[in-house]
Amino acid sequence: MQIADFADFLQAAKQQPQPQRLYFVFATIELPEDASPAQRARHAAGGGGALVPVMAVDKSPHDLPDFETLAEESRYTGTPWDMVFVTTQTLPNDKLPDDAQVEQTLTELIESIRLGQIDHFLTFDKVGRMVRLI
């Protein structure tokens, strides 16, 4: 299945033969304090910057009807964000991970983003459009 937006992603997750757990890491795009004028101009035009994770959550695909619900829930935290990184975990034998396992997974995913290791994520903007980072 071709994934063009969050709705496609969510549909694909719900159609998997084994249950899935979805992991979301929300990030802001920031400039370092010592950014050059060229970097500042690029950032002002919508490019460049560093991705900084600001919050993370896990969900069942069946608990999430659409992107708007996820975005609305994130607004309740009061933490602004620019992009959300998403990855999945297949649940063998329908066994949900316990709280410690979820926390460990989210911590590892946050660290991956901090290190720029984002190949295993899908990335979406604030309205659920897929973003390709280069």
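Everything numeric here is computed off the predicted structure, so don't read it as measured data.

**Quick look at the overall build of the chain**
- Looking only at helices and strands, one finds 4 helices and 4 strands in the chain.
- Sequence-ordered secondary structure for the chain, helices as α and strands as β, is α-β-α-β-α-β-α-β.
- Expected size for 134 residues packed as a compact globule is a radius of gyration near 14 Å; at 16 Å, the chain falls within 12% of this value.
- Across the 134 residues of the chain, 37% fall into the buried class.
- Contacts in the chain between residues far apart in sequence, at least 24 positions, make up 74% of those at least 6 positions apart.
- In the structure as shown, the chain presents an accessible area of about 8200 Å², 50% of it carried by carbon and sulfur atoms.
- Averaged over its 11 positive side-chain charges, the chain has a centre that lies 4 Å from the centre of its 20 negative ones.

**What to know about the pairing of strand S1 (residues 20-30)**
- In terms of burial, S1 is a largely internal element, 9 of the 11 residues being buried.
- In this sheet, strand S3 (residues 83-90) lies alongside S1 in antiparallel orientation, the contact comprising 8 bridges. Residue Phe24 lies in a different strand from S3, and its bridge partner there is Val86.
- Note that S1 and strand S2 (residues 50-59) share 9 bridges and pair antiparallel. In the sheet register, Thr28 faces S2, and the bridge partner there is Val52.

**Here's the deal with the environment of Leu10**
- When you line up the elements, Leu10 lands in helix H1 (residues 6-14).
- A relative accessible area of 4% means that Leu10 is categorised as buried.
- Linking Leu10 and Leu64, residues 54 residues apart in sequence, is a C-alpha distance of 8.2 Å.
- Once you skip the residues sitting within four places of it in the chain, Leu10 turns out to touch Leu22, Pro61, Leu64, Pro65 and Asp66.

**Comments concerning the sheet that holds S2**
- Overall, antiparallel pairing links the 4 strands, which are arranged S2-S1-S3-S4 in an open sheet. The open sheet has two edge strands with one neighbour each: S2 and strand S4 (122-124). Direction aside, the axes of adjacent strands within the sheet are offset by 25° on average.
- Strand contacts of H1: S1, S3 and S4, with the helix running at about 155° to S1, the strand carrying the most contacts.

**Overview of the side chain of Lys59**
- Take Lys59: it is sitting in strand S2.
- A distance of 2.5 Å separates polar atoms of two side chains, one belonging to Lys59 and the other to Glu73.
- Once residues within four sequence positions are removed from consideration, Lys59 is found in contact with Arg21, Leu22, Phe24 and Glu73.

**Description of the nonpolar core**
- With 17 residues, the main nonpolar core has Phe6, Phe24, Phe67, Val84 and Phe124 as its most contacted residues.
- Of all the secondary-structure elements, those providing two or more residues to this core are H1, S1, helix H3 (67-75) and S3.
- The greatest single-element share of this core, amounting to 4 residues, is contributed by H1.
- Val84 has contacts with Phe24, Val25, Phe26, Phe67, Leu122, Thr123 and Phe124, leaving out every residue within four places of it along the chain.
- One finds Tyr23, Leu109, Ile113 and Ile118 within the second-largest nonpolar core, a separate group that totals 11 residues.

What counts and how
Residues numbered from 1 in each chain as written. Predicted model: local features only at pLDDT ≥ 70, side-chain atom pairs only at ≥ 80, totals over all residues. Heavy atoms only, no water. Helix = DSSP H or I, 4+ residues; strand = E, 2+ residues; numbered from the N terminus. Rg over C-alpha atoms; globule rule 2.2 N^0.38 Å. Buried < 20%, exposed > 50% of the residue type's maximum accessible area, 1.4 Å probe, protein only. Contact = heavy atoms within 4.5 Å. Areas by Shrake-Rupley, 256 points an atom, 1.4 Å probe, with all protein chains shown as cover. Lys, Arg positive; Asp, Glu negative; His and termini not counted. Charge placed at Lys NZ, Arg CZ, Asp CG, Glu CD. Pairing = 2+ DSSP bridges. Axes fitted to C-alpha atoms, helices over the stretch in contact; angles between N-to-C directions. Polar contact = N/O pair within 3.5 Å; in protein donor to acceptor, adjacent residues only side chain to side chain. Core = buried A, V, L, I, M, F, W, Y, C linked by side-chain atoms within 4.5 Å.

This is a description of form; function is not addressed.
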